[in-house]
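In case you want the letters, here they are:
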Amino acid sequence: MKFFITSILLISALIANDDYEIPQEFDKQTYEIGQDIFEQKCTTCHVKFIDMNTVVRNFFHENNNMNLKAPTANQISFRLKQQIGDKSDIEFHLFETNDYLKSYVLDPNRSKTICLDGVIEYFDGMPSMRGIVSEEEIEQLNHFLYFLEGFNGINEHFHDETIF
Ligand code: HEC
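What you see is a predicted model; the values in this text were computed from it and never measured.

Side note on the overall build of the protein chain
Regarding its fold elements, the protein chain presents seven helices and zero strands. Going from the N terminus to the C terminus, the protein chain shows its helices and strands as α-α-α-α-α-α-α. Burial analysis of the protein chain (164 residues in total) assigns 23% to the buried set. Here the analysis covers contacts within the protein chain between residues at least 6 apart in sequence; of these, 71% occur between residues at least 24 apart.

Quick look at the packing of helix α4 (residues 73-83) against helix α7 (residues 135-148)
The N-to-C vectors of α4 and α7 enclose an angle of 85°; their axes lie 7 Å apart at closest approach. With respect to α7, the axis of α4 lies roughly perpendicular. On α7, the residues that touch Ala 73, Asn 74, Ile 76, Ser 77, Leu 80 and Lys 81 of α4 are Leu 145, Tyr 146 and Leu 148.

Focus on unusual backbone geometry
Trans is the prevailing form of peptide bonds, just as negative phi is the prevailing case for residues other than glycine. A positive phi angle is found at Asn 63, which is not glycine, with a value near 55°. Mapped onto the fold, Asn 63 is located in the loop between α3 (52-60) and α4. For Asn 67, which is not glycine, the phi torsion reads 55° and is therefore positive. Take Asn 67: it is sitting in the loop between α3 and α4.

Focus: the site of the ligand
In the vicinity of the ligand there are 27 residues, among which Cys 42, Cys 45, Ala 70, Cys 115 and Met 126 approach most closely. If you list the elements that add at least two residues to the shell around the ligand, you get α4 and α5 (90-106). Among the elements that take part in the shell around the ligand, α5 stands out by supplying three residues, more than any other. The class makeup of the residues in the shell around the ligand is 18 nonpolar, four polar and five charged.

Considerations on the nonpolar core
Membership of the largest hydrophobic core comes to 17 residues, with the highest contact counts inside it found for Leu 141, Phe 144 and Leu 145. Counting residues per element, the ones that place at least two in this core are α2 (28-41), α4, α5 and α7. If one sorts the elements of this core by residue count, α7 sits on top with seven residues.

Some thoughts on α2
Residues separated by three or four positions in an α-helix point in the same direction, a consequence of the helix having 3.6 residues per turn. For α2, which comprises 14 residues, the first-to-last C-alpha distance of 20 Å matches the rise-based estimate of 20 Å (1.5 Å per residue) to within 8%. All of the buried residues in α2 are Tyr 31, Gly 34, Gln 35 and Phe 38. Angularly, the buried residues of α2 cover 100° about the axis, an arc narrow enough to put them on a single face. Exposed side chains of α2 directed beyond 90 degrees from the buried face belong to Gln 29 and Gln 40. At its buried positions, α2 is contacted by α4 and α7.

Some thoughts on the packing of α5 against α7
Where α5 contacts α7, the two axes come as close as 9 Å, and the packing angle between them is 120°. Compared by their axis directions, α5 and α7 come out oblique. In the crossing of α5 with α7, the sense of the turn from one axis to the other is right-handed. On the side of α5, the interface is formed by Leu 94, Thr 97, Asn 98, Leu 101, Lys 102 and Val 105, while α7 contributes Glu 135, Ile 138, Glu 139, Leu 141, Asn 142, Leu 145 and Tyr 146.

The rules we used
Residues numbered from 1 in each chain as written. Predicted model: local features only at pLDDT ≥ 70, side-chain atom pairs only at ≥ 80, totals over all residues. Helix = DSSP H or I, 4+ residues; strand = E, 2+ residues; numbered from the N terminus. Buried ≥ 20, exposed ≤ 12 C-beta atoms within 10 Å, placed from the backbone. Contact = placed C-beta atoms within 7 Å. Axes fitted to C-alpha atoms, helices over the stretch in contact; angles between N-to-C directions. Parallel < 35°, antiparallel > 145°, perpendicular 65-115°, else oblique. Near = placed C-beta within 6 Å. Nonpolar A, V, L, I, M, F, W, Y, C, P; charged D, E, K, R; others polar. Core = buried A, V, L, I, M, F, W, Y, C linked by C-beta atoms within 7 Å. Expected span 1.5 Å × (residues − 1). Arc of directions from axis to C-beta. Left-handed = near helix turned anticlockwise from the far one by under 90°.

Structure below.
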């Protein structure tokens with residue numbers, strides 16, 4: 001019986017995997033390093049993951065009832081890919097989102113925001129992370145943020161560590 005259940009689980013995992021084509025630009029190790037840096041240096045303000053429907057409800061219908069101090073990482077991921085650069089080529093797009101992230105993290109400024117006004121109005125500004133994160137760490141953070149949350153039809157590689 002145990003064997004049977006294990007086999008079923010394994011088979012369904014394999015079938016589920018077929019729905020995703022992992023892009024060659026994705027590097028698991030860099031993603032994990034980026035995630036560690038995020039957890040160490042960003043999670044005092046940014047929550048890593050809340051599903052998008054809940055996030056939208058929180059900001060647009062419930063007056064930030066969840067008391068979030070900053071956009072969530074998956075929200076940033078979504079907006080980053082939607083608002084910055086050319087989505088058609090992941091390799092090049094990663095450079096573009098990295099440039100943006102570097103500029104924002106070192107010199108944060110409201111005028112650079114990629115989030116909707118209805119979200120940003122709930123927050124105080126972000127302090128510069130200059131001297132706290134290196135350029136290499138920003139690249140790793142970018143890799144993590146890029147692949148964290150999918151974007152309809154453009155990057156369907158949702159945060160799903162069982163697939164990566
Ligand atoms: C002290 C709290 C704090 C910390 C720590 C922090 N952030 Fe932020 N961050 C914010 C706030 C607040 C915003 C919302 C924008 C604003 O109000 O200026 C923001 C916005 C952002 C944005 C842009 C979203 C937008 O459209 O405005 C990015 C990208 C970002 N943070 C990345 C990071 C990364 C990466 C780290 C860790 C290296 C980090 N932040 C650490 C508070 C913080």
